[in-house]
Amino acid sequence: MTTKKTLAILLAALALGMTSCSGGAQTAETTAALESNTDAQTKAETQAQTNAQTEAETETETETEVETETDLREYNTTPFCNPLANFDTPDPCITYDPDTGYYYGIFTQVDRLELYRSKHVADLFFSGESKVIMRADGSNSIYGDIWAPEIHRGPDGLWYIYSSSRVTPEEGEKRIFVYGSLTSDPFGEWEFKRRPFPAVYSIDPSVYTAPDGTQYMCSSKVDPTYGQVLVISEMLSPYKCEIGKVIAKAELEWELVEPYTGGAAILEGGFFLENNGRLFLIYSANGWATKHYALGVLEFVGEDMCDPDSWIKHPEPLFVYGNGAYGPGHASFFRSPDGTEVWCAYHAMKEPNESHTWVPRFVNVQKVEFDSTGYPVLGEPVGYETPIAPPSGEEK
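Residues numbered from 1 in each chain as written. Predicted model: local features only at pLDDT ≥ 70, side-chain atom pairs only at ≥ 80, totals over all residues. Heavy atoms only, no water.

**Things to note about the pattern of salt bridges**
The following threshold applies: One speaks of a salt bridge when a side-chain nitrogen belonging to Lys or Arg is within 4 Å of a carboxyl oxygen belonging to Asp or Glu. The helix and strand labels rest on DSSP assignments: H or I over at least four residues marks a helix, E over at least two residues marks a strand, and numbering proceeds from the N terminus. For the exposure calls, accessible area comes from a 1.4 Å probe over protein chains only, and a residue counts as buried if that area is under 20% of its type's maximum, exposed if over 50%, partly exposed in between.
Per the counting criterion, the structure on display carries 16 salt bridges. Here Arg153 and Asp99 are joined by a salt bridge, their closest N and O atoms 3.5 Å apart. Here Asp99 lies in the loop between β1 (93–97) and β2 (102–106) and Arg153 lies in strand β5 (residues 147–153), a separation of 54 residues in the sequence. Judged by relative accessible area, Arg153 falls into the partly exposed class, the value being 29%. The closest approach of N and O atoms between Arg112 and Glu114, which form a salt bridge, is 2.8 Å.

Right, dumping it as structure tokens:
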């Protein structure tokens with residue numbers, strides 16, 4: 001035998017001490033067995049190599065298919081301008097749902113909850129579909145003055161709308177209420193859930209879901225000494241809450257610009273914003289009908305969300321009037337379709353409104369930047385004739 005295979009067999013036989021004349025028959029049998037085993041091993045190795053090559057080719061084909069599919073997607077690059085509506089759209093809340101591929105938006109309409117949806121944020125309120133969730137007809141003691149609704153997804157995968165209303169036909173007491181979706185589709189059916197604080201005058205509910213699934217609600221209630229203050233409450237479910245604690249009141253110079261709506265200082269419209277390991281609560285201060293309505297920043301720096309000492313207030317406002325947008329405030333924040341950008345939706349007047357009477361407020365949006373520490377930067381309001389590129393990942 002002169003092949004490598006034959007040499008390997010002879011060496012194995014020598015190692016086993018099977019090359020003596022007296023063991024000739026055993027040597028022949030052993031040699032045949034070794035040769036058979038080697039053939040089987042060679043075939044197995046060849047088959048394994050073939051299988052591995054086939055799997056690699058299959059994976060490559062799958063990756064190529066995914067890449068091809070991704071490459072075929074077309075993204076919207078058409079710029080738009082603020083505002084996103086030509087009618088009164090105060091207290092806007094916008095969110096994007098990657099499961100349905102729609103933006104959803106809602107705002108104060110006083111006598112109803114009406115939800116809008118669109119594939120493009122620029123079209124949301126201009127030409128988007130809408131669905132009336134409920135009307136203030138007295139059912140569940142909801143009699144109108146439905147203010148500042150917000151839509152949030154709960155830990156259970158369902159959607160919830162949080163708002164407030166009068167609880168009697170006459171002007172007066174207001175209470176927060178919650179509506180919940182019956183399915184994971186925000187355009188499906190909804191039902192009334194409850195009033196989480198049936199005995200507390202409060203407005204402007206907003207909800208944050210912590211990484212562990214615990215939920216917290218921020219709201220604005222009337223304090224006899226400080227006017228409207230911000231309260232944080234731990235939630236027992238998406239529609240049940242503990243009684244909360246006051247975490248902030250108006251005290252900075254820029255928060256105390258008169259006149260106030262209702263004659264007292266105002267902090268309201270809180271909305272949670274999380275970025276780069278930091279959690280902020282963006283709120284509004286001053287009277288909504290003045291150009292000085294503006295956004296401020298609280299930051300969570302402690303252990304207990306409901307402990308006032310766990311929050312610090314940054315001294316400078318985040319966002320003030322400019323470029324023809326007056327009284328920018330009552331903001332919400334949402335992610336772009338691909339999740340790489342954060343956007344702010346807010347309302348603003350188109351005039352300084354020195355008379356401080358009712359004027360329309362229009363929904364605007366602009367992208368949020370963050371500094372090197374993760375702190376939000378909004379700069380000035382984008383002018384009404386300034387083109388804005390659509391959120392990243394928005395499809396045509």
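Moving on from the model shown.
**Overview of the packing of aromatic side chains**
For the record, the criterion: We call Phe, Tyr and Trp rings a pair once their centres come within 6.5 Å, taking the six-membered ring for Trp, and we label the pair stacked below 30 degrees between planes, edge-to-face above 60, and tilted otherwise.
Tallied over the entire structure, the rule returns 20 aromatic pairs. Residues Phe107 and Tyr116 carry aromatic rings whose centres are separated by 5.7 Å and whose planes lie at 25° to one another, so their mutual orientation is stacked. The buried category is assigned to Phe107, whose relative accessible area is 2%. What makes Tyr116 buried here is its relative accessible area of 9%. The interplanar angle of 25° and the centroid separation of 6.0 Å between the aromatic rings of Tyr321 and Tyr326 together place this pair among those described as stacked. Taking relative accessible area as the criterion, Tyr321 reaches 35% and is therefore assigned partly exposed. Relative accessible area serves as the criterion here: at 21%, Tyr326 is assigned to the partly exposed category.

**Observations regarding the sheet that holds β2**
Put simply, the rule is: Two strands are counted as paired when DSSP detects at least two bridges linking them. Every axis corresponds to a line fitted to the C-alpha atoms, with the helix fit spanning only the stretch in contact, and the corresponding angles, defined between N-to-C directions, vary from 0 to 180 degrees.
The four strands are arranged β1-β2-β3-β4 in an open sheet whose pairing can be described as antiparallel. Edge positions in the sheet fall to β1 and β4 (129–135), since each of these pairs with one other strand and no more. Each adjacent strand pair in this sheet contributes to an overall mean axis angle of 20°, direction not counted. As defined by bridge partners, β2 adjoins strand β3 (residues 112–118) across three bridges and the pair is classed as antiparallel. Residue Gly105 lies in a different strand from β3, and its bridge partner there is Tyr116.

**Brief notes about the environment of Val231**
Rule in force here: Here, two residues are considered to be in contact whenever any of their heavy atoms come within 4.5 Å of each other.
Here Val231 lies in strand β11 (residues 227–237). Distance from Val231 to Cys218, taken between C-alpha atoms, is 5.5 Å for residues 13 residues apart in sequence. Those residues within four positions of Val231 in sequence are excluded, and the remaining contacts are Met217, Cys218, Ser219, Lys221, Gly244, Lys245 and Val246.

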